[in-house]
Amino acid sequence: MASRQFDYIVVGGGSAGCVVASRLVAEHDARVLLVEAGRRRVSPILAMPAGYMKFLARDTYLTMHHVLPQEQLGGRAPIVPQARVLGGGSAVNAMVYIRGQTDDYDAWDRALGGAGWSYRDLLSHFIRQEGNDHLGAPYHGVSGPLKVSHLGQHCAMSRAFVQAMQEMGVPFTPDFNGAKQNGVGFMQHTIDWTTRRRCSAVDAFLRPVLSHPNLTVLTDATVTRVRLEKARAVGVDLAGAPGWESAFADAEVVLAAGTYMTPKLLMLSGIGPADELSRHGITVSVDLPGVGRNLQDHHEVPIVATTAGDFGYFGQDRGLAMLSSGLQFVLFKSGAVTTTGVEACAFIDPDGGDRPTIQLYCVPTVYLDRDVSGVEPTHGVTMNPCLLRPKARGSVRLASADPAVLPRVDPQFFGHPDDLRLSIAGLRYAREVLATSPVREMVAREIFPGPGTASDADLADHCRRTVKTNYHPVGTCRMGTDEDPHAVVTPDLSVRGIAGLRIVDASIMPTIPSGNTNAPVLAIADKAVDIITGHRGIVRDPAAAPANRISPVPDQVQPS
């Protein structure tokens, strides 16, 4: 019979949680409870590279967070989703594998006084996890569980985009995760090249240990509070899983609930800004003013043109075209289903600097966020300049002391004037690409915002009207030194003022990496396991687990 007593409780079954739970069980023989608020399984369609597009506009596997109306956007509140499923973002995202820039991590390490968070320190974790289909040393791993490859095909518009940017003098970069990020090229994705299917954190890390007797996975279950005794985390309270009112950890509670939910859980547990907790009637255990601050997210704005022919993927997701592509995928592992539809991008600085400030995506169809209207889908191309290092800082705050109520998210898109200026420069740069051969010969006309939108003021209005998240929130429990008054975790990822409690997700990032964030989150989680175990094994605290905390578990939640 199982018990509610574990060595580690990992809160959140996303990318970070899967890595931490799997390694603690497989390599250190730890008893681990992994708790995920979302579903256990996803549609098999999501395993296909193109399949995620079917769920972009649905809430099936997403939590839609409450965003405060943004004054700087004229009161608009952009949609901000978070994955709600085992595997987290890795199970529903566009699978892009980008690590960021060397300077991103070296800046972390400098701010931390050389605590082992430089790019060189993290590179070994990227390499250990990776199983790349064609890239190797010194920047890539070839035998790791996380399968990384190029897509099964690149459409005519994606290839033309790469050629046009070279015509503009931008160098071709075969590997955005290699010696330099600058340039234009085709993105790598977390797709298994042998099957042409998604390689999520569940596929890569968790599935090999799902049948291990030391692992218990609870899904559709929400952690409502971290239990504290004498400034130590000893367990969690739970909702949604009958018979699981609480669970206890002999060693540590590890938070991996993500940038929005991890600070919420800390605050519900009495850890956070004292004034915020008091406002909601929550007893303050540790006054940490940085909890929920420092929110950063990549955000992008679109420029859309129609094309003179079928050079992309419009209409490929329905009717006979969809059936034909599906059959081709099943029989030959080729065709349109093997692509995410976002195949090429460029890392550039519109100001002419050496360090890219914009990730320019080429989307070979008309693609707009679902809260933007007025443009009909058709054959076309969308250029999305995405801001790599926004200067604005947002926040996550409690809306209520009720654990069932979502937090209040304030992303502060364009909250700093330089963010808006760079986005406008990115739009002007994208227009240059549209006017450069061979893209120029494919484009019929710009339809959004339209050639009449030319002044900085008009483009600024367009940015405010259309800015959207790139789904990469970070920073709300940032890592820092004791001299940093807003640091939430120490360089060893321990929550300040509380023993036995760590955070291992994107919320610990001091600043956002210059690229898609799933790969960095996986590497951080891998490093976290080394920190937690000290490369030695499990250290249990006998005093943290009185015998009366052990109780039976119903059959339906036995270890998977």
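Residues numbered from 1 in each chain as written. Predicted model: local features only at pLDDT ≥ 70, side-chain atom pairs only at ≥ 80, totals over all residues. Heavy atoms only, no water.

## Some remarks on the environment of Ala274
- Relative to the elements of secondary structure, Ala274 occurs in helix α8 (residues 274-279).
- It is 24 Å that separates the C-alpha atoms of Ala274 and Thr222, two residues lying 52 residues apart in sequence.
- Aside from chain neighbours lying at most four places away, what touches Ala274 is Val284 and Asp287. (Helix = DSSP H or I, 4+ residues; strand = E, 2+ residues; numbered from the N terminus. Contact = heavy atoms within 4.5 Å.)

## Describing the confidence of the model for the protein chain
- For the protein chain, per-residue confidence averages 92 on the pLDDT scale, and 93% of positions sit at 70 or higher.
- Ignoring residues within four places in sequence, the model shows residues 536-560, a span with pLDDT below 50, making 56 contacts including any to other chains. (pLDDT = per-residue confidence, 0-100.)

## Examining the packing of helix α3 (residues 102-111) against helix α4 (residues 119-129)
- It is at 8 Å that the axes of α3 and α4 come closest, and there the two elements cross at 120 degrees. Comparing the axis directions of α3 and α4 gives the class oblique. Listed contacts from α4 to Thr102, Tyr105, Asp106, Trp108 and Asp109 of α3 are Tyr119, Asp121, Leu122 and Phe126. (Axes fitted to C-alpha atoms, helices over the stretch in contact; angles between N-to-C directions. Parallel < 35°, antiparallel > 145°, perpendicular 65-115°, else oblique.)

## Describing the sheet that holds strand β3 (residues 62-67)
- Ordered by their spatial adjacency, four strands build an open sheet running β4-β3-β22-β21, and the pairing between neighbours is mixed. At either end of the open sheet lies a strand with only one pairing partner, and these are β4 (80-83) and β21 (395-397). On average, each strand axis in the sheet is inclined to that of its neighbour by 40 degrees, with strand direction left out of account.
- Two elements, β3 and strand β22 (residues 408-410), share two bridges in a ladder whose sense is parallel. When the sheet's bridge partners are listed, Val67 is paired in β22 with Val409. (Pairing = 2+ DSSP bridges.)

## Comments concerning the side chain of His189
- Topologically, His189 is positioned in the loop between β7 (183-186) and β8 (191-192).
- With relative accessibility at 0%, the residue His189 sits in the buried group.
- With residues near it in sequence (within four places) discarded, His189 still touches Ala94, Met95, Val96, Tyr97, Lys147, Val148, Ser149, Leu151, Thr340 and Val342. (Buried < 20%, exposed > 50% of the residue type's maximum accessible area, 1.4 Å probe, protein only.)

## What to know about the pairing of β3
- Note: β3 against β4, four bridges, orientation antiparallel. Note that in β4 the partner of Thr63 across the bridge is Gln82.

## Re the packing of aromatic side chains
- Evaluated as defined, the whole model comprises six aromatic pairs.
- Between Phe176 and Phe347, the aromatic rings sit 5.0 Å apart at their centres with planes inclined by 65 degrees, giving edge-to-face as the arrangement. Placement of Phe176 in the loop between α5 (156-167) and β7 and of Phe347 in strand β18 (residues 344-348) is noted, with a sequence separation of 171 residues between them.
- Judged by its relative accessible area of 3%, Phe176 is buried.
- Taken together through their ring pairs, the aromatic side chains of Tyr105, Trp108, Trp117, Tyr119 and Phe126 make up a single cluster.
- Sitting over the ring of Trp117, Lys527 keeps its end group 5.0 Å from the ring centre. (Phe/Tyr/Trp six-rings, centres within 6.5 Å; stacked < 30°, edge-to-face > 60°. Lys NZ or Arg CZ within 6 Å of the ring centre and 35° of its normal.)

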